[in-house]
Amino acid sequence: MAKSRLPGPIFDYIDGAADDEVTYRRNTASFERCDLVPNVLRGVDNVDLSVIVMGQKLALPVYCSPTALQRLFHHQGERAVAAATGHCGTLFGVSSLGTVSLEEARRLGAGAPACYQFYFHKDRGLNRAMMKRAKAAGIEVMMLTVDSITGGNRERDKRTGFSIPFKLTLGGMLQFALKPAWGINYLAHESFRLPQLDEHVDMGGGAMSIAQYFTDMLDPTMNWGDVTQMVREWGGQFCLKGVMSVADAKRAADIGCTGIVLSNHGGRQLDGSRTAFDQLAEIVDAVGDRIDVMIDGGVQRGTHVLKALSLGARAVGLGRYYLFPLAAAGQAGVERALELMRAELERDMKLMGCTSIAQLTRANLRFR
């Protein structure tokens, strides 16, 4: 449905990944190498899907990971995601490249906890201003992305000329011409903007692609000292997104982070990198008693979530899982996706013989 509605360059921005997109495919395939071992006759009338992650109680063990540019996918954008997660009682995220302000998204979330996906800019004053704004908006969790100090080689975007504002190739322009309804809808609503950045970064005077933004605006010198200072200045729940090694997980715990997300950015950065699910067990074993460990990447089914939780993840992030429904139907699409996930989790928990997330353990798993 999303593909039928979106111009090709925008669909490919959601669906695409880096280089040969090997890691993108492996993210989902990694779950298929793991089998569930259910128990029976356990009495499973009532299933409790709630979890506590970084001090936040969630009604579901999944959350909507922060992603950029959502109003390009549907005119409601982050408004739809915030409202949908508010109805479902789980966490949502707003990106530094979000198209709705932190304040509005937080208000529409109807009390659901929110995280802010923070990109570390070369301008340290901008970094401090963005943190101060997030604190004032009532954001509960600061989520610093650490795997995007430069843009990944997203070749689908290069072929179509996807950028902000659009600077399309001839092929990209043709694909927009084939979807006039999207263009009419885009023009009929408020102008596209990036509220978290528009007071600080001029992304309208020239054609700045996403990869160029990462390369030109973000600080490749960011190091553990910078993050330590951020953790101290934030003074609350602080998560690193993009950690993949045990050494980095230990360092995150040492400097006072309260959470990490094992993530390869949906395969959009370093192609050939290991999947989060394959790294999960060794990182939980190393730091799971000191810091909340989450994962994202490739999650399409409730059984994928149960496998990650059984290995020790505290919660699981969803990305494309809700972005395609957002593009297809706005808030109704995101709500439908989350309700389908809730139904799958409840059914699968009963079939596993479990009534609470705490009952999921590695005893329920076998690897091929």
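Note: the structure precedes this text.
Residues numbered from 1 in each chain as written. Predicted model: local features only at pLDDT ≥ 70, side-chain atom pairs only at ≥ 80, totals over all residues. Heavy atoms only, no water.

> Any details on the overall build of the protein chain? Residues and values, ideally.
Tallying secondary structure elements over the protein chain gives 16 helices and twelve strands in all. Radius of gyration (C-alpha) of the protein chain: 20 Å, near the 21 Å computed for a compact globule of 368 residues. Referenced to the eigenvectors of the C-alpha coordinate spread, the extents of the protein chain come out at roughly 60 × 45 × 40 Å. Taking all 368 residues of the protein chain together, 56% fall into the buried category. Across the protein chain, the fraction of contacts at a sequence separation of at least 24, relative to all contacts at a separation of at least 6, is 75%. (Helix = DSSP H or I, 4+ residues; strand = E, 2+ residues; numbered from the N terminus. Rg over C-alpha atoms; globule rule 2.2 N^0.38 Å. Buried < 20%, exposed > 50% of the residue type's maximum accessible area, 1.4 Å probe, protein only. Contact = heavy atoms within 4.5 Å.)

> Give a description of the nonpolar core that names residues and reports values.
Core analysis: the biggest nonpolar cluster contains 110 residues, and Phe73, Phe238 and Ile260 have the highest contact counts within it. With twelve residues, helix α16 (residues 320–352) is the largest single contributor of residues to this core. Beyond its immediate stretch of four places on either side in the chain, isoleucine 260 contacts Cys239, Leu240, Val243, Ala249, Ala252, Ile283, Val287, Ile291, Asp292, Val293 and Met294. (Core = buried A, V, L, I, M, F, W, Y, C linked by side-chain atoms within 4.5 Å.)

> Would you mind going over the pattern of salt bridges in detail, with residue names and values included?
By the definition in use, this model includes 17 salt bridges. Notably, a salt bridge pairs aspartate 278 with arginine 33, separated by 2.8 Å at the nearest N-O pair. Of this pair, aspartate 278 sits in helix α14 (residues 276–287) while arginine 33 is found in the loop between α3 (22–32) and β1 (34–36), placing the two residues 245 residues apart along the sequence. We classify arginine 33 as partly exposed; its relative accessible area is 39%. One salt bridge in this structure joins arginine 133 and glutamate 103, with 2.9 Å as the shortest N-O distance. In this pair, arginine 133 is assigned in helix α7 (residues 124–136) and glutamate 103 in helix α6 (residues 102–108), connecting sequence segments 30 residues apart. Residue arginine 133 is classed as partly exposed on the basis of its relative accessible area, which comes to 24%. (Salt bridge = Lys/Arg side-chain N within 4 Å of Asp/Glu carboxyl O.)

> Give a description of the side chain of aspartate 219 that names residues and reports values.
In this structure, aspartate 219 sits in the loop between α11 (210–217) and α12 (224–234). Among the polar contacts made by the side chain of aspartate 219, one reaches the side chain of threonine 221 at a distance of 2.6 Å. If we skip the residues at most four places from it in the chain, aspartate 219 touches Phe120, His121, Lys122, Arg124 and Ile149. (Polar contact = N/O pair within 3.5 Å; in protein donor to acceptor, adjacent residues only side chain to side chain.)

> So what about the packing of aromatic side chains? Which residues, and what values?
Considering all chains together, one arrives at seven aromatic pairs under this definition. Note on tyrosine 116 and phenylalanine 118: the rings are 6.0 Å apart at their centroids and 90 degrees apart in plane angle, and the pair reads as edge-to-face. An identical accessibility class is assigned to tyrosine 116 and phenylalanine 118; each is buried. Here the guanidinium or amino end of arginine 268 rests over the ring plane of tyrosine 13, the centre of that ring lying 4.7 Å away. (Phe/Tyr/Trp six-rings, centres within 6.5 Å; stacked < 30°, edge-to-face > 60°. Lys NZ or Arg CZ within 6 Å of the ring centre and 35° of its normal.)

> Account for the layout of surface pockets, naming residues and giving values.
Estimated volume of the largest pocket: approximately 520 Å³. Lining of the largest pocket is provided by 33 residues; of these, Thr67, Gly266, Arg268, Gly319 and Arg320 occupy positions nearest its centre. Ranked by residue count, the leading element in the lining of the largest pocket is α16, at four residues. Here the lining of the largest pocket is built from residues that sort into 14 nonpolar, 13 polar and six charged. Roughly 420 Å³ of volume is contained in the second largest pocket. In this structure, the second largest pocket is lined by 20 residues; those nearest its centre are Val146, Asp147, Gly242, Val243 and Asp248. The element best represented in the lining of the second largest pocket is strand β8 (residues 237–243), accounting for three residues. Of the residues contributing to the lining of the second largest pocket, the split by class is eight nonpolar, nine polar and three charged. (1 Å grid on protein atoms, 1.4 Å probe; cavity = no way out; pocket = protein on both sides within 12 Å on 5 of 7 lines; lining within 4 Å. Points joined across faces, edges and corners; volume = space filled by probe spheres on them. Nonpolar A, V, L, I, M, F, W, Y, C, P; charged D, E, K, R; others polar.)

> Describe the pairing of strand β9 (residues 259–262), with residues and values.
Because side chains alternate across β9, one face comprises the buried residues Gly259 and Val261, and the other comprises Ile260 and Leu262, equally buried. Bridge analysis of β8 against β9 gives four bridges, and the strand direction is parallel. Looking across to β9, one finds that leucine 240 is bridged to isoleucine 260. A crossover links β8 with its parallel partner β9, the connecting element being helix α13 (residues 246–254), and its sense is right-handed. With four bridges joining them, β9 and strand β10 (residues 292–296) adopt parallel strand pairing. Across the sheet, glycine 259 pairs through a bridge with aspartate 292, a residue of β10. With α14 bridging β9 and its parallel neighbour β10, the resulting β-α-β unit is right-handed. (Pairing = 2+ DSSP bridges. Right-handed = clockwise from strand over helix to strand, strands pointing away.)

> Hey, could you go over the environment of isoleucine 139 for me, with residue numbers and the actual values?
As for its position among the elements, isoleucine 139 is in the loop between α7 and β7 (141–145). With a relative accessible area of 6%, isoleucine 139 lands in the buried category. Residues isoleucine 139 and glycine 236, spaced 97 residues apart in sequence, show a C-alpha to C-alpha distance of 9.9 Å. Not counting residues up to four positions away in its chain, the partners in contact with isoleucine 139 are Leu102, Arg106, Ala114, Cys115, Tyr116, Ala134 and Trp234.

> Kindly report on empty space enclosed by the protein, identifying the contributing residues and their values.
The full count for this structure, using the stated rule, is two cavities of 30 Å³ or more. Counted as a void, the largest cavity has a volume near 60 Å³. Together, Arg5, Arg71, Leu72, His74, His75, Trp182, Asn185, Tyr186 and His189 line the largest cavity. Of all the elements in the fold, those that place two or more residues in the lining of the largest cavity are α4 (70–73) and α10 (180–188). Considering every element that reaches the lining of the largest cavity, the biggest residue donor is α10, with three residues. The class makeup of the residues in the lining of the largest cavity is three nonpolar, four polar and two charged.

Note that all results are geometric; they support no functional claim without further evidence.
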